Amino acid sequence: MGNAPSHSSEDEAAAAGGEGWGPHQDWAAVSGTTPGPGVAAPALPPAAALLEPARLREAAAALLPTPPCESLVSRHRGALFRWLEERLGRGEESVTLEQFRELLEARGAGCSSEQFEEAFAQFDAEGDGTVDAENMLEALKNSSGANLQGELSHIIRQLQACSLVPGFTDIFSESKEGLDIHSSMILRFLHRNRLSSAVMPYPMLEHCNNMCTMRSSVLKESLDQLVQKEKESPGDLTRSPEMDKLKSVAKCYAYIETSSNSADIDKMTNGETSSYWQSDGSACSHWIRLKMKPDVVLRHLSIAVAATDQSYMPQQVTVAVGRNASDLQEVRDVHIPSNVTGYVTLLENANVSQLYVQINIKRCLSDGCDTRIHGLRAVGFQRVKKSGVSVSDASAIWYWSLLTSLVTASMETNPAFVQTVLHNTQKALRHMPPLSLSPGSTDFSTFLSPNVLEEVDSFLIRITSCCSTPEVELTLLAFALARGSVAKVMSSLCTITDHLDTQYDASSLILSMASVRQNLLLKYGKPLQLTLQACDVKGKEDKSGPENLLVEPWTRDGFLTETGKTRASTIFSTGTESAFQVTQIRIMVRRGGIGAQCGLVFAYNSSSDKFCAEEHFKRFEKYDKWKLQELRQFVKSRIGCSSDDLGEDDPIGWFELEEEWDEADVKLQQCRVAKYLMVKFLCTRQESAERLGVQGLTISGYLRPARAEAEQSVTCAHCRKDTEESVCGATLLLRTLQFIQQLAHDLVQQKESGLKYKSFLDFAGLDLQIFWNFYSKLKQNPREECVSAQTLLLQLLQSCFSVLQGDVLAASEEEKAPIQSPKGVEAAKELYTHLCDVVDKVDGDSVPMEILKQEVRNTLLNGAAIFFPNRQTRRNHLFTMMKNVTEQEHKQSLQLTFRSLCTYFSDKDPGGLLLLPEKNDLAKMNISEVLAVMDTLVSVAARECELLMLSGAPGEVGSVLFSLFWSVQGSLLSWCYLQLKSTDSGAKDLAVDLIEKYVGQFLASMRAILESLFSQYSGKTIVERLCNSVFSMAARQLVIFLLDFCTLDIPHCVLLREFSVLTELLKKLCSGPEGGLRKLDVETWQQEQPVVLHTWTKESAHNYENNCHEVSVFVSPGATYFEVEFDDRCETEKRYDYLEFTDARGRKTRYDTKVGTDKWPKKVTFKAGPRLQFLFHSDSSHNEWGYKFTVTACGLPDVAVSWGLDLQLLVSRLMGRLASQCMALKSVRQLGSNMVVPQAKMALVLSSPLWKPVFRHQVCPELELEASWPTHPHRNSKEVKNIPDDPCRHFLLDFAQSEPAQNFCGPYSELFKGFIQACRKQAPKTDIVAGSTIDQAVNATFAALVYRTPDLYEKLQKYVNSGGKIALSEEFAQVYSLADGIRIWMLEMKQKSLMSLGNEAEEKHSSEATEVNPESLAKECIEKSLLLLKFLPTGISSKESCEKLETADETSHLQPLNKRQRTSSVVEEHFQASVSPTEAAPPATGDQSPGLGTQPKLPSSSGLPAADVSPATAEEPLSPSTPTRRPPFTRGRLRLLSFRSMEEARLVPTVKEKYPVLKDVMDFIKDQSLSHRSVVKVLSLRKAQAQSILEVLKITQHCAESLGQPHCFHPPFILFLLELLTCQKDFTNYFGHLEGCGADLHKEIRDTYYQLVLFLVKAVKGFSSLNDRSLLPALSCVQTALLHLLDMGWEPNDLAFFVDIQLPDLLMKMSQENISVHDSVIRCTCSLLATVTC
C-alpha cells in the first residue's frame, strides 16, 4: 500500500516478445523493427499527395486508423450514474450545464466548452440548460454508455422528453401571454435541431468534399506530428558539434520505480504479456517512473493493456518528463479506448533527453481503484561524445614510440633494417585482409585502437619516405585497406597514380578484396519483394500455381506443375524499372519423389524494354535438357575458376538436394546487378514422378538503380591479356577504388533505411582537399583508365557527402563561420569550377568520357552543401541565379547548380532559405526578410508562367522550382502553425502578422499574374498550359493550408477581404464563352455509380473462443458506403455473443443467432463512410461456428479536374469558412484582445433589469467621456446627427459632478440652490455617514433616478426651461429621500466588511471586503450614476429607427402603474410575492401589449450561457438583489387574491411603487458585482462585434454577387454557401447577440442581411428562366440554404421585409417545386408563423 517508490534494474531485453499477443491490435501502431538513429522528423506530405487524386487516396489510406473513439458520456458513465443517484437521494431533481461541467472537469475530462455543451445537449431536450435528473439517469441506463446521438432511439427519446411536443396544440389557445413564451420555446427547439449544412445533398460536390476531407486528414496528420514533436522535444536538444553520433542501446533506462508493488516490476519487462504489474493504492495515484541513463534520447515508449482487465485497465494515461523527480512536466495525454488489447504507443519518434520519464495512470475503466500494466517498451539512443586518447591508448603509444625511436635510430647505421621491417609488415598483412583492422570487424584486436594504428601508419610512412618502390606502395595500401581508412587508401592510390604502368604483386590483394566484398554482400543482404513475371509450365490447379512460390508461410499448397511436367523455369523481377543484386536464395521443395532435385540460377538483363517471356525462355533453353549428371559435371568444371569468368548467359548459382533434405541455401557465385532472375528446376528426385513440386523460395539481396550505360571495365587491356600474378598500377587503382566505392555506397543505403548497421569504413581525416588532390592527378592523365578512375572517385565522393557535410550542417545550425580550412574552401572552389567546365564541353567524347560526364552531373546535382559550405553563401548564390535562371541560353553547369541548390533547400533545409528561428529565438526573426525570400520565389514563378505560355512545355528547372516552392512555402506555413498552437502569445502574434502579410503579398502577385495573362490569353489556354506550373501548385497549397488554419485564432476577416477580390479572376479562369463553368469541367463532376475501392475479409476461429472482445476498423478514404456480405454458416449464441458494426456517424447495428434471418440478413449496406468499426463479443460460455464476412468499400472513382476549377472550389470553400468563423464571433483576434469580457461579467450585465431599457441603447455621443471608456469604440458620424441638445441633461450632469461642500457655480448655480431646497425636505442623515464625497454620491444617485424616470424627467425639463419658476412636485422629495438612503447601505456594507475581517473561516474570501469603506462606495456610486446619465433618455433616439426598436415591455416598464395597459388575461407572474402590501411586484413579461411583445431572444455563444436564458428569464432577468420567486400559486390561491383585490381598497402607491424603474436603478448602483466598467466593456464589445459582422456581411454579399454570375446554381457558389451556413449553430439571430451596438449600426446590419436574403430570393424565383433541369439538385440546395437564412430570430419590424419578398407565396411555390425540402419548409413556416402571429 502507499506510494513509496520501489526500484528495479531489470533489463528490457524482451522488447521483441509479446508483440503478437491478443487477438486484435489493428489500430495500435506496434512496430516490429527498432527505429534507427537516422529517423527524420515527420515531413510534410509531397505535392502529389495533396494535389493528385490517386496519390491523395494512397496517402490517406496510409494513415494509421484512429483508435475507436468513445464519447465523453461513455468515458464517465459510471461516475455520472453514481452522481445522479446521489443527487436524487438528496432531493435535487434537476441538473444544470454548469454542474455537469464541474463534475467532468473535476475528473480531468479536459474537453472544450463545445464538447461539454454537445454532451449535455444529448439529455437537454428543452435546450434551457436544465435537465431532469431522473430522466438523465434513465437515459444513461438505456444507452449502456454508448454515444446517445449515435443511436437510432435518440430522436424518439428526445421527442418523448421534450415538453413542447404536447404543447404544439397550445398555439390555438386564447391566452396570449403563455402563447408568447411557448412560441419562443418552439422556435428555439427548431433552431437547436436544425439541419446541418454539411449534410445538404448535392451530388456534384461529393467528389470535391471527399478530396477536401482526405486533404485535411493527410495534412492534419503531418501538422499534428510536428506539434507533438515540438512538444516532446526540449529546447536544449540542439546538436552540439562535440556530439559524434547516436548509439542504439538495448536498455535505455538505469532502473524503474513504481508507486507500489516493486516486486512485480519485472513482470512488465519480461516480454510476457500474460503477466502484469498491478498497483496497490488509491485511485489516480499510480505511476511508473523511468530513470534514464546519461546522454540517452528516448524515442519510443509504449505500454501493454488488456480489455479483459475491466476496471483494472488504464483509461487515461499521461507522460511527464523532467530533470528531477519532483519537477515533471506533462508532454502527452493519451486516452485508451476500453476495447483495446495490445501495446498502446505513448511516445513515438520523440526526442526526450530528460533524466526522468514518468507514466501516470490518471484514471482506470469504470473508475477502478488499481491498475494493471502487462508490458513496457522504451527504446532509446545514447549520445556518444568524441573521446580523446584513453589511458590504454596512451600506454600503447608510449611503448610503441620507444620501439619506433630505437628502429629509427638503428636505420642510420643499418639501412637494411628498413627492409626487415617492411618484410615483417608484409608478412603480417598477408593474414590481415581488407577491413580486418576496422572497428566494425569481429577479428579486431582491442589493443590496436585507431590511435595506435595511426601511430603505426605514421611510423611506416616515416621509414619508407626515403625509398619509393612498388613493394612499399603496395604495403602502405594493404595496411590502409586493412584499417578501412578511406583517407589513407586515397593517399596511397594518389601515389600509385604516378606509376600506372608499374607492375605490382597485388593479385592476392585483389582477390582478398573481392572475397571480402562477396562476404559482406552475403551477410547484409535483405529479403527482396520480387514479383513473378512468367513461368513456362502451368499449375496443377488454380490454388497451386507458380505465384505461390513467393507466398509465406510455406506450409500451404506451394507450386505443383501440371501432369507430365517434371521441370519448370520461373522468371522474377521487381515489377518496376529498378534493378536488384541477388546474393542468396533459400529454396524449399515438396517432400517425396515430386520434389525438385537440382536447379540453376541466372541473373541477367534484357536489351528490350518490353518484356517477352518467350524470348527469355528461348535464351536459356539449352539448359532445359540438363539433368543431375550434367549439373555435377558443370560444377566440377568450375572448381578453381574465378567468378569473373561467368557471363550473363552462364548460371551464377546452382543447388542439389539430397533425399532427406527439403531445403537448400543457394549462395550465388557472382552477385550481379540485373533486372531479371531466372530459377530453373531441372528434374525431380524420382524419374517416375508425374509432376514437379516446390514449396516456396525467398530471395535476399539489394535493390540497385538500373544503369543505362554498360558497366565500366576495372582492368586495363594489358592486364586482361596477362595471367601472371602481377598487375599494373592502373588495374590496382581501379580495383581498389571500386572496392571502396561499393562499400561506401552500401553504407549510405543502410543508413537511409533507418536500420542498424556497422560501418566497416573509417572516414576519419577525410576532407575535400584529399579528393581534389587525387582528382587533379587523375585528370592530368588522358588514359582511359584514368577517366574511369575519375568516374569511380566521383561516385565515392557522392557516397561521402553525408560525412563531408556533417560538420558543415552542425555549424550552419549554430550560424558559425565556415569550419573548413582555407585550403578546403579553395579545393571546393577549384573542384566545382573544373566540374562545370567538364559539363559545359560540347565536343564529342568517348564512352568513358560520357559516363564521367554523367557522374559529374550527379555530383553537381547533389553537392550543394559541399561546394557552398556556408548557409548564407548558398542562399546568396541561389537568389543570384533566380534572377535569370528561366532564360534558355544558360550553360548546363549553371542549370545543374541551380537544381542542386533548389534540391538542397527543398529536401534538407527548407527552413534555411527563410532563416526561420527556433522556438527560443523568436526575437531575432525579421519578417521582412522572410517576405523578401517568398517574393523572389513568386517572381520566378511568374516568369515561369510567361515561358510556359510561350512554349507550352515546362523547362528543365521547372520540377526543381516546383519542389523548392512547395517545401519552402510548406515550411513557412508549418512554422506558423506551430506558433499558433503554442502557448506563447508573442509567438502567436508573430505568426498572425506573418500570415496576414504573406497572404496579402501572395494574392497581390497572384492578381497581377492573372491580369497579365488575361490580357493576352483566354482562361482555357491558361489552364491548359499552366497545369504543371509552380504558380498553380503554390496557390492551391496556400489555400489548403489556410483551410486547416480556419479553426485557429487567425485574422479571418482580413483574409476574407483579401480573397474576396479573387472571385472575378477565378471565375474568368474557369468559365466558358457563356460565362458559366466549362461544359467539360461540369461533366467531369457528374460521376456514374461508385466503384469498389477496397475489400477486406474477416474470419473468426471455428468455433470461436469464449471471452472474446475483438475490434477491427476498416478505413477507406473517399468511401461513401460499405457493403458487408456474411458467410451462410455464420452463427453465434443468442443475445450474449454478437457482432456489432458502428458506421462513421456513430450508428450501431448488432447481429447474433444465425445469418439469413430478418434480424441478421446475409448482406448489409452501411451508408456512411469512410470508416466502419467492427466488434465481436463473446461471453464465458456457449460458443458456435462464429463468423466470416467480406467488407467492400465503395466510393467515387478518382477524377482528374483542372487546376483552375480545383483552385476556384478551394477558394470558394475557404471564403465560406472564413465568413462562417467571422459570423460565429469566436475569434479574439478579430475584435482585439482588449475586448475580451469574462463570461461571468457578461452574464451579469445582460441579466441586469437596466439592460433593455437603458444599456442596450446607444450612449449620447456628445456626453461620451473617453477617460471612462477602457477602449473607445469607433463612432460612425451618422450616429451624431439629429440628436437634440437637451439643457435638462446638462443640468443633471453638472449637478451630479458638482461638490456639495463648495458653493454651486456656473450657469445653473441659482437653479441648483432652488432645486436642492425643493427636493431636500428632510435634513441629510449625516449622523450615519457624512463627507463631501458621500454628499456628491447622493446627488449623483438622485440625478440618475430622475433622469431614468420619464415622468419625473419631463417635469424637471419644464422646471429647467422655466428657470425654476415652476414648482416641483412632492415626488422629487421622495426620490431624493430614496437616494439619501444609500448612506444606510454604505454603513451596512462597512459593518459587513468589519465582521468578515474577524471571521477566520472567510478570511480568504474577504480580500476585497477589507477595502470597503464609505468613500470607495461613494466613488462607485458616482461612476455608475454618471454612466446612467450618458445614455439617451427613454423615448429619445438619434433616428426614428431607434423608436421602432422600443418594444412594449420597455415602455411599460418605465411608465407609472396607472398608465400601463391592462393585460387580457391573468398569468402567474402578475402575482409576485411582496414584502409588504405597499410594495409593488416587479414588472413581468406578461405586462406587454398584445401583438407587440413578440421578439424572441435566443441564447448567444458570446453572451449568456445556456443556463441563464431560460424562457422564464429570457425577457426580463431578475437582478441579483431580487428575492427568488415563491412556488406557483394554485387556482384557489389565485381566486382568493382576485376576491381580495375586488373587496379591499388599494392604498396610494409610494413613488417606488409608482415608478418601478427606481428600484432597478438603485439595485444597479448598490450591486457590487456589477461595475460600470463591465457595462462599458460589454457595450464596446457589442459594438466591435456589430462592426465586424457588418463588414463580413458586406464582403459576403460581394462574394455572393460575384460567384452568383451568371447564376447561383454552379458548384463554386453552392460550396461557398454551404460553408457559410456552418456558422448558424452559433449565430442563429443576426442581431439578437449584438444589442447595445446602437440603432444606426443595427439598421445597417439588418439592411445588409436583407440584401443577402433578397439575392437568394431573386435567384430562386429566376430559376425557371434558365430552363436547365440538370441544375435541379443545385436549386434544392439553394432553396434549403435560403430557408436556413430565413430560419432566424426575426422581429416585428422585419414584417415589412417579408411582405416585400412575398414570403408566403415564395414558401408555397418552393414546396410545390421541390418536394425534397418539404420538411424544411414546414419547419421554417411554423417557426416564422409562430413568431409573427404572436
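To be clear, the structure that these remarks concern was listed above.
In this report, we go over the structure that sits alongside the text. (Residues numbered from 1 in each chain as written. Predicted model: local features only at pLDDT ≥ 70, side-chain atom pairs only at ≥ 80, totals over all residues. Heavy atoms only, no water.)

## Quick word on the overall build of the chain
Inference 1: Counting secondary structure elements, the chain contains 63 helices and 35 strands.
Inference 2: Looking at the 1734 residues of the chain, the share that counts as buried comes to 53%.
Inference 3: Sequence-distant contacts, at least 24 apart, represent 82% of the contacts inside the chain between residues at least 6 apart.
Inference 4: Carbon and sulfur atoms make up 51% of the accessible area of the chain, which totals about 78600 Å². (Helix = DSSP H or I, 4+ residues; strand = E, 2+ residues; numbered from the N terminus. Buried < 20%, exposed > 50% of the residue type's maximum accessible area, 1.4 Å probe, protein only. Contact = heavy atoms within 4.5 Å. Areas by Shrake-Rupley, 256 points an atom, 1.4 Å probe, with all protein chains shown as cover.)

## Considering helix 40 (residues 1203–1224)
Because each turn of an α-helix spans 3.6 residues, side chains separated by three or four positions end up pointing in the same direction.
Inference 1: In this model, helix 40 (22 residues) spans 31 Å end to end at C-alpha, consistent with the 32 Å of a helix rising 1.5 Å per residue.
Inference 2: With 20 of its 22 residues buried, helix 40 lies for the most part within the structure.
Inference 3: One or two steps after helix 40, the chain reaches L1225, where phi turns positive at roughly 55°. (Expected span 1.5 Å × (residues − 1).)

## What about the nonpolar core?
Inference 1: Within the largest apolar cluster, 262 residues are counted, with the highest numbers of intra-cluster contacts made by F771, L796, F965, F1002, M1006, F1045 and F1059.
Inference 2: By residue number, the principal contributor to this core is helix 34 (residues 985–1014), which donates 15 residues.
Inference 3: In terms of nonpolar packing, the next biggest core, distinct from the first, is built from 68 residues, L1250, W1385, V1561 and F1564 among them. (Core = buried A, V, L, I, M, F, W, Y, C linked by side-chain atoms within 4.5 Å.)

## Brief notes about the packing of aromatic side chains
Inference 1: Counted by the stated rule, this structure contains 43 aromatic pairs.
Inference 2: Centre to centre, the rings of W1096 and F1114 are 5.4 Å apart; their planes meet at 50°, and the pair counts as tilted. Of this pair, W1096 sits in strand 28 (residues 1091–1099) while F1114 sits in strand 29 (residues 1109–1115), and the two are 18 residues apart along the sequence. Take W1096 and F1114: they sit in the same class, and that class is buried.
Inference 3: Their ring planes at 70° and their centres at 5.5 Å tell us that F1141 and F1189 sit as a pair that is edge-to-face. Remark: F1189 occurs in strand 35 (residues 1188–1195) and F1141 occurs in strand 31 (residues 1138–1143); sequence separation between them is 48 residues. For the pair F1141 and F1189, a shared accessibility class is recorded, and that class is buried.
Inference 4: Looking at R289, its charged tip hangs above the ring of W287, at a distance of 4.1 Å from the centre.
Inference 5: In this structure, K1424 is placed above the aromatic ring of F1564, and the distance from its NZ or CZ to the ring centre is 5.1 Å. (Phe/Tyr/Trp six-rings, centres within 6.5 Å; stacked < 30°, edge-to-face > 60°. Lys NZ or Arg CZ within 6 Å of the ring centre and 35° of its normal.)

## Description of a negative patch on the surface
Inference 1: Taken together, the side chains of E93, D132, E134 and E138 define an acidic patch exposed on the protein surface.
Inference 2: Relative to the elements of secondary structure, E93 occurs in the loop between helix 4 (77–89) and strand 2 (94–96).
Inference 3: With a relative accessible area of 59%, E93 lands in the exposed category. (Patch = residues over 30% accessible without salt bridge, like charges linked within 9 Å, V, L, I, M, F, W, Y side chains within 5 Å. Salt bridge = Lys/Arg side-chain N within 4 Å of Asp/Glu carboxyl O. Lys, Arg positive; Asp, Glu negative; His and termini not counted. Charge placed at Lys NZ, Arg CZ, Asp CG, Glu CD.)

## Examining the pattern of salt bridges
Pairing of side chains with opposite charge becomes possible as their charged atoms draw close.
Inference 1: Applying the stated criterion across every chain, the model contains 44 salt bridges.
Inference 2: Across the pair R372 and D309 runs a salt bridge whose closest N-O atoms are separated by 3.5 Å. Taken as a pair, R372 in strand 13 (residues 372–373) and D309 in the loop between strand 8 (296–305) and strand 9 (314–324) lie far apart in primary sequence, 63 residues in all.
Inference 3: Looking at D309, the relative accessible area reads 8%, which means it is buried.
Inference 4: Across the pair E330 and K362 runs a salt bridge, and its minimum N-O distance is 3.4 Å. In this pair, E330 is assigned in strand 10 (residues 327–335) and K362 in strand 12 (residues 356–364), connecting sequence segments 32 residues apart.
Inference 5: Classification of K362 by relative accessible area gives partly exposed; the value is 34%.

## What to know about the sheet that holds strand 31
Inference 1: Taken in spatial order, the 4 strands make up an open sheet running 29-34-31-32, and their pairing is antiparallel. Two strands close off the open sheet at either side, each with one partner strand: strand 29 and strand 32 (1148–1151). Across this sheet, the average inter-strand angle for adjacent strands is 15°, counted without regard to direction.
Inference 2: Bridge analysis of strand 29 against strand 34 (residues 1171–1177) gives 7 bridges, and the strand direction is antiparallel. In the sheet register, S1112 faces strand 34, and the bridge partner there is F1174. (Pairing = 2+ DSSP bridges. Axes fitted to C-alpha atoms, helices over the stretch in contact; angles between N-to-C directions.)

## Brief notes about the packing of helix 50 (residues 1414–1430) against helix 56 (residues 1557–1566)
Inference 1: In the contact formed by helix 50 and helix 56, the axes pass within 9 Å of each other and the chain directions differ by 135°. Compared by their axis directions, helix 50 and helix 56 come out oblique. When you trace helix 50 past helix 56, the crossing you get is right-handed. Residues C1421, K1424, S1425, L1427 and L1428 of helix 50 pack against V1561, F1564 and I1565 of helix 56.
Inference 2: Taken together, the residues that form the contact of helix 50 with helix 56 break down as 6 nonpolar, 1 polar and 1 charged. (Parallel < 35°, antiparallel > 145°, perpendicular 65-115°, else oblique. Left-handed = near helix turned anticlockwise from the far one by under 90°. Nonpolar A, V, L, I, M, F, W, Y, C, P; charged D, E, K, R; others polar.)

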